[in-house]
Amino acid sequence: GQSLEQPSEVTAVEGAIVQINCTYQTSGFYGLSWYQQHDGGAPTFLSYNALDGLEETGRFSSFLSRSDSYGYLLLQELQMKDSASYFCAVPWDGGYQKVTFGTGTKLQVIP
Amino acid sequence: EAQVTQNPRYLITVTGKKLTVTCSQNMNHEYMSWYRQDPGLGLRQIYYSMNVEVTDKGDVPEGYKVSRKEKRNFPLILESPSPNQTSLYFCASSLLQGENTEAFFGQGTRLTVV
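Quick caveat, the model's predicted, so the values are computed rather than measured.

Undergrad: Run through the overall build of chain A, naming residues and quoting values.
TA: A count of helices and strands for chain A gives zero helices and 11 strands. Each helix and strand of chain A, placed in order from N terminus to C terminus, yields the pattern β-β-β-β-β-β-β-β-β-β-β. On C-alpha atoms alone, chain A measures out to a radius of gyration of 14 Å, which is about the 13 Å that the 2.2 N^0.38 rule sets for 111 residues. Oriented by its inertia axes, the alpha-carbon framework of chain A measures out at about 45 × 30 × 20 Å.

Take a look at the structure:
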């Protein structure tokens, strides 16, 4: 089956940089997505990596290493509003029709 | 405004009483999916649909049904709800589940089965 592992909780200081890791095991790999979810809210899309390397979108960057089955989300210049849960996800099953999410990393940003 | 709309947002029901949670999207997306979210388990896919009349099981389909008669709508049906289906449910849509595919999520339906 598919499995993704993420740390359950991370705490970081406002203004700092934090990295949230995700290791995966899938049958057929197409790419790694990242979603943000605030308490009581819906998940929102942050990024997608299909190829190795770093993708940057403003304060957020996402990295993928297919050979290591590993990716991470990098959040820079942390703000209090970044306190949320972050999920990695992979599409799989042939035409990438099914999706498996990690169990999520709860990020707490402290002053 | 592009959005995915779920109804109801909150629902308390009794064991065995059939219910339907509706999901509608206005983005002309082919792909729609249902997830349940439980503490410590993340989001788990229940069913998905690649297009009208094309549906298939996700990771946790037992106890659920879906239909896709129109492109915009993808209702989730619980024929005989049980307490273990108490959960937070999300509907999502995307153009196609593939490269760089952003999924748009509804606001969620919190279901309690007593």
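Undergrad: Tell me about the state of the cysteines, and name the residues and values.
TA: Residues and elements named next belong to chain A. Per the stated rule, a full pass over the model turns up two disulfides over all chains. The disulfide that involves Cys-22 links it to Cys-88, with 2.1 Å between the sulfurs. Where Cys-22 bonds to Cys-88 through sulfur, the torsion about that S-S bond is close to 75°, and the disulfide is right-handed. Here the residue Cys-22 occupies a position in strand E3 (residues 18-25), and Cys-88 occupies one in strand E9 (residues 84-92), the gap between them amounting to 66 residues. You'll find Cys-22 and Cys-88 in the same group, each marked buried.

Undergrad: Tell me about the sheet that holds strand E7 (residues 65-66) of chain B, residues and numbers included.
TA: Residues and elements named next belong to chain B. Strand order in the open sheet formed by four strands is E1-E3-E8-E7, and the pairing between neighbours is antiparallel. Unpaired on one side and paired on the other, strand E1 (4-7) and E7 mark the two borders of the sheet. Note that E1 and strand E3 (residues 19-25) share four bridges and pair antiparallel. Note that in E3 the partner of Thr-5 across the bridge is Ser-24.

Undergrad: Lay out the nonpolar core with the relevant residues and their values.
TA: By size, the foremost hydrophobic cluster in this structure holds 22 residues, and its most contacted members are Leu-32, Trp-34, Leu-75, Tyr-86 and Leu-107 of chain A. Formed by 19 residues, the second largest nonpolar core is a distinct cluster that contains Tyr-47, Val-66, Phe-74 and Val-113 of chain B.

Undergrad: How would you sum up the environment of Phe-63 of chain A? Please name residues and give values.
TA: Residues and elements named next belong to chain A. One can find Phe-63 in strand E7 (residues 60-65). Sequence separation of Phe-63 and Asn-21 is 42 residues, and the distance between their C-alpha atoms is 9.4 Å. Those residues within four positions of Phe-63 in sequence are excluded, and the remaining contacts are Asn-49, Gly-53, Leu-54, Tyr-70, Gly-71 and Tyr-72.

Rules and cut-offs
Residues numbered from 1 in each chain as written. Chains lettered and ligands numbered in written order. Predicted model: local features only at pLDDT ≥ 70, side-chain atom pairs only at ≥ 80, totals over all residues. Heavy atoms only, no water. Helix = DSSP H or I, 4+ residues; strand = E, 2+ residues; numbered from the N terminus. Rg over C-alpha atoms; globule rule 2.2 N^0.38 Å. Disulfide = S-S within 2.5 Å. Buried < 20%, exposed > 50% of the residue type's maximum accessible area, 1.4 Å probe, protein only. Pairing = 2+ DSSP bridges. Core = buried A, V, L, I, M, F, W, Y, C linked by side-chain atoms within 4.5 Å. Contact = heavy atoms within 4.5 Å.

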